[in-house]
Amino acid sequence: PLPRSHTRARRPLRTMQTYMENAYGKRTTDAFAWTLNISTSVAIVMANKQLMGTAGHGFVFATTLCGLHFACTSGIRFLDGKNENNRADGSAMMVPPREIFLFVVVAIASIVALNFSLMLNTIGFYQVCKLAQIPTMCLLEAIFLGRQFGRKTIQAILIVLVGVGVATVSDMEMNFAGTVAALIGVSCTSAQQIAVSYLQKKHSVSSNFLLAKTSPYMAAAMLGLGPFLDRIVVNEWVTEYEWTEGAVVFLAASCALAVLVNISSFMCIGRFSAVSFQVIGHVKTVLVFFFGFVCFSAPITHRNILGCSLAVMGMVYYSRVQLAEKAQA
C-alpha cells in the first residue's frame, strides 16, 4: 500500500503547465513535453559529441560538465514568477529539506557511479546496464509504491529492451569493480527518477519547483567533486584544458540544451511515470543513430536498423497499452 501522505488528495497547482493545459488541452501539453525532451536530448548528444569527442574539441571532463549543466539549470528559480511557487489555493509549495537532501545524495551517487561504470566497463556492458534501468524501476515501484504492471505492459517493455539491446550492445566483458559501479548507478538512477515523480505527487509541487530546489545543490556538489573525479577518470585536471572559441560555443550550447533537457525530463516524469519516461525515451536512441549517420557519417549496420525498428514497434505498442489502461481506469 502507498504511504498515507502519497495517497492524500492532491492540491491543485497554479503553474505554467496548468496554464498550458487550460489553453491548449492536456494532450497538447503532453505532446509538447515529450517533443521538447526528445528533441533537446538528441541535440545535446550531438553538441556533446563536438565538445567532448576526439574529433571535436576534446573536453573530456564529464562530471565537471554535468556540474556546469546543473549550475545553469539552477537559474530556473529566477525565471519563475512568484505565483509559480504557489498552488491554486494560494498555499506555498514545499518539500521537506530532509527529502531534498536524500534526493540530491541519490542523484549524485547516480552520476558518479555511471561515470565510473563507463570508465571501468566495455561499451557493451555499459549499454546492458542502461537497459537494466527499466526492469529495476518496475521492481522498485512494485515494492515501494505497490504499482502493478499488466501482461501487455510487460510484453511491450520486453520488446523495447530487446530492440535497443540488438541495436546497441556488441562486445560485453564484466569485471568486479565495473559491475559494482554499474549496479550502484542503475539502482540510484532508477530511484532518482522514481523520486522525481513521487515527490511531485506527494507534496503537490510542480516539476519546475522541484528542479529549482534541487539543482543548486546538484551544481555545488558536482562542481566541487567534478575536477577530482575527472582527474581519476581521464588523468588530467580540467584547469589544464586549453580553451578555444569553438569549445566555448559548444559548451554554451551544451549548457543551454541541458537546461531544457532537465526541465522537460522533470515535466515528463511528473506527468507520466519514470518507467514510461524510460520506455518512450528510447526513441532518443533511435534518433541518435539517425542524426549520427546524417551529421557525422557514423556507420549504421543492418543490426542497428533491425534493433531500432523493433524498439519503435515496442514503444508504439507500449503507448497503445497505456492509453487503453487509462481509458479503462
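Residue positions are given per chain, counted from 1 along the sequence in the order it is written. In keeping with the model being predicted, local features are shown solely for residues with a pLDDT of at least 70 and side-chain atom pairs are shown and tallied solely at 80 or more, while totals for entire chains, interfaces and linings include all residues. Each side-chain value is worked out from all heavy atoms of the structure, with water and hydrogens disregarded.

Caption draft 1: Molecular detail of the overall build of the protein. Only runs of H or I of at least four residues qualify as helices and only runs of E of at least two qualify as strands under DSSP, and these elements are numbered from the N terminus. The number of helices and strands found in the protein is 15 helices and zero strands. Taking as baseline every contact in the protein between residues at least 6 positions apart, the subset at least 24 positions apart corresponds to 86%. Surface accessibility in these figures is a Shrake-Rupley result with a 1.4 Å probe; residues are shielded only by whichever protein chains are displayed. Surface exposure of the protein reaches about 16500 Å², of which carbon and sulfur atoms provide 67%. Contacts are assigned to residue pairs with any non-hydrogen atoms lying within 4.5 Å of each other.

Caption draft 2: Fine view of the environment of M267. Its place among the elements puts M267 in helix α12 (residues 245-271). Along the backbone, M267 and N208 are 59 residues apart, and their C-alpha atoms lie at a distance of 7.5 Å.

Caption draft 3: Seen up close, the packing of helix α9 (residues 151-168) against helix α15 (residues 302-328). The convention used is that axes are lines fitted to C-alpha atoms, helices contributing only their stretch in contact, and that angles between N-to-C directions extend from 0 to 180 degrees. Look at α9 against α15: their axes get within 7 Å of each other, and the N-to-C directions meet at 160°. It follows from the interaxial angle that α9 and α15 lie roughly antiparallel. Here α9 and α15 pass one another in a crossing that is left-handed. Amino acids outside the nonpolar list (Ala, Val, Leu, Ile, Met, Phe, Trp, Tyr, Cys, Pro) and the charged list (Asp, Glu, Lys, Arg) are all regarded as polar, and Gly is one of them. Among the residues forming the contact of α9 with α15, the class breakdown is 15 nonpolar, eight polar and three charged. Any angle between 65 and 115 degrees counts as roughly perpendicular, while under 35 counts as roughly parallel, over 145 as roughly antiparallel, and the rest as oblique. Note: crossing handedness is left-handed where the near helix turns anticlockwise from the far helix by less than a right angle, and right-handed where it turns clockwise.

Caption draft 4: Structural detail: the pattern of salt bridges. Within this document, salt bridges are pairs made up of a side-chain nitrogen of Lys or Arg and a carboxyl oxygen of Asp or Glu, the two lying within 4 Å of each other. Inspection of the entire model under this criterion finds three salt bridges. When the shortest N-O distance is used, the salt bridge between R271 and D30 registers 2.6 Å. Of this pair, R271 sits in helix α12 while D30 sits in helix α3 (residues 26-52), and the two are 241 residues apart along the sequence. The same class applies to R271 and to D30, which are both buried. Salt-bridge contacts for E141 lead to R147; the nearest nitrogen and oxygen are separated by 2.8 Å. For each residue, the accessible area found with a 1.4 Å probe, counting protein chains only, is set against the maximum for its type, and the residue is called buried under 20%, exposed over 50%, and partly exposed in between.

Caption draft 5: Quick look at the environment of L229. For L229, the location among the structural elements is in helix α11 (residues 207-234). Overall, the relative accessible area of 15% leaves L229 in the buried class. Separated by 117 residues in the primary sequence, L229 and V112 have C-alpha atoms spaced 8.0 Å apart. Discounting chain neighbours no more than four positions away, the residues touching L229 are T63, V112 and F116.

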